[in-house]
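# Remarks on the overall topology
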Amino acid sequence: MVVGIGVAGVFLVLFGWCVFRDVNGAASAWSTFYRESKGIAPEGFTLADIPTLKAMGFWYMLVGAGFLLGAIVGSVAGLIRQFG
C-alpha cells in the first residue's frame, strides 16, 4: 500500500510539473479545450485560463510531494516497527 501511495505521488508531481511548466502546451491545450467545449470566445474570461491552470499544476505538485513524504515516512516507520 505504501508503494502505491509513493507511485501516485510521483505521477502527481510529474503531472503537476507538466501543467505548471506548460510542457508541450499542456496548460494551453487544456484551456483551449475547455473554452471550445463551453463555447467561450478565445479572448473571453473563464476560470480555466492559463495562470489558473498553472497554479493548479503547482498544487498537484505539492499534493504529490505530500504523498511521497507520507509513503517515505510510512515505510521507514514500518521498517523500524518490524526490525526495531
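Everything discussed here concerns the structure shown above.
What counts, and at which threshold
Residues numbered from 1 in each chain as written. Predicted model: local features only at pLDDT ≥ 70, side-chain atom pairs only at ≥ 80, totals over all residues. Heavy atoms only, no water. Helix = DSSP H or I, 4+ residues; strand = E, 2+ residues; numbered from the N terminus. Expected span 1.5 Å × (residues − 1). Buried < 20%, exposed > 50% of the residue type's maximum accessible area, 1.4 Å probe, protein only. Contact = heavy atoms within 4.5 Å. Arc of directions from axis to C-beta. Patch = residues over 30% accessible without salt bridge, like charges linked within 9 Å, V, L, I, M, F, W, Y side chains within 5 Å. Areas by Shrake-Rupley, 256 points an atom, 1.4 Å probe, with all protein chains shown as cover. Salt bridge = Lys/Arg side-chain N within 4 Å of Asp/Glu carboxyl O. Lys, Arg positive; Asp, Glu negative; His and termini not counted.

To continue, consider helix α3 (residues 50-83). When the terminal C-alpha atoms of α3 are compared, their 49 Å separation across 34 residues agrees well with the 50 Å that a helix rising 1.5 Å per residue should span. Of the residues making up α3, those classed as buried are L53, G57, M61, G64 and A71. Lining the buried residues of α3 we find α1 (2-20) and α2 (26-38).

Here the focus is α2. Here α2 contains 13 residues, and its C-alpha end-to-end distance of 19 Å stays within 8% of the 18 Å for a straight helix at 1.5 Å per residue. Buried residues of α2: A27, S31 and R35, and no others. Angular distribution of buried residues about the axis of α2 spans 65 degrees; they occupy a single face of the element. Along α2, the residues that are exposed and aim more than 90 degrees away from the buried face are F33, E36 and S37. The secondary structure elements touched by the buried residues of α2 are α1 and α3.

Here the focus is a nonpolar patch on the surface. Where nonpolar side chains cluster on the molecular surface, the patch consists of V3, V7, V10, F11 and L14 and spans about 470 Å² of accessible area. Here V3 lies in helix α1. For V3, a relative accessible area of 65% corresponds to the exposed category.

The next subject is the side chain of R35. Turning to its location among the elements, R35 is positioned in helix α2. Buried charge without a salt bridge: R35, with D49 as the nearest opposite-charge side chain at an N-O distance of 5.8 Å. Those residues in contact with R35 that sit more than four places away from it in its chain are I40, A41, P42, E43, G44, T46 and D49.

This brings us to unusual backbone geometry. Here the phi dihedral of D22 falls at roughly 55 degrees; this positive angle occurs in a residue that is not glycine. Looking at the element boundaries, D22 is found in the loop between α1 and α2. Even without being a glycine, N24 presents a positive backbone phi close to 55 degrees. Relative to the assigned elements, N24 resides in the loop between α1 and α2.

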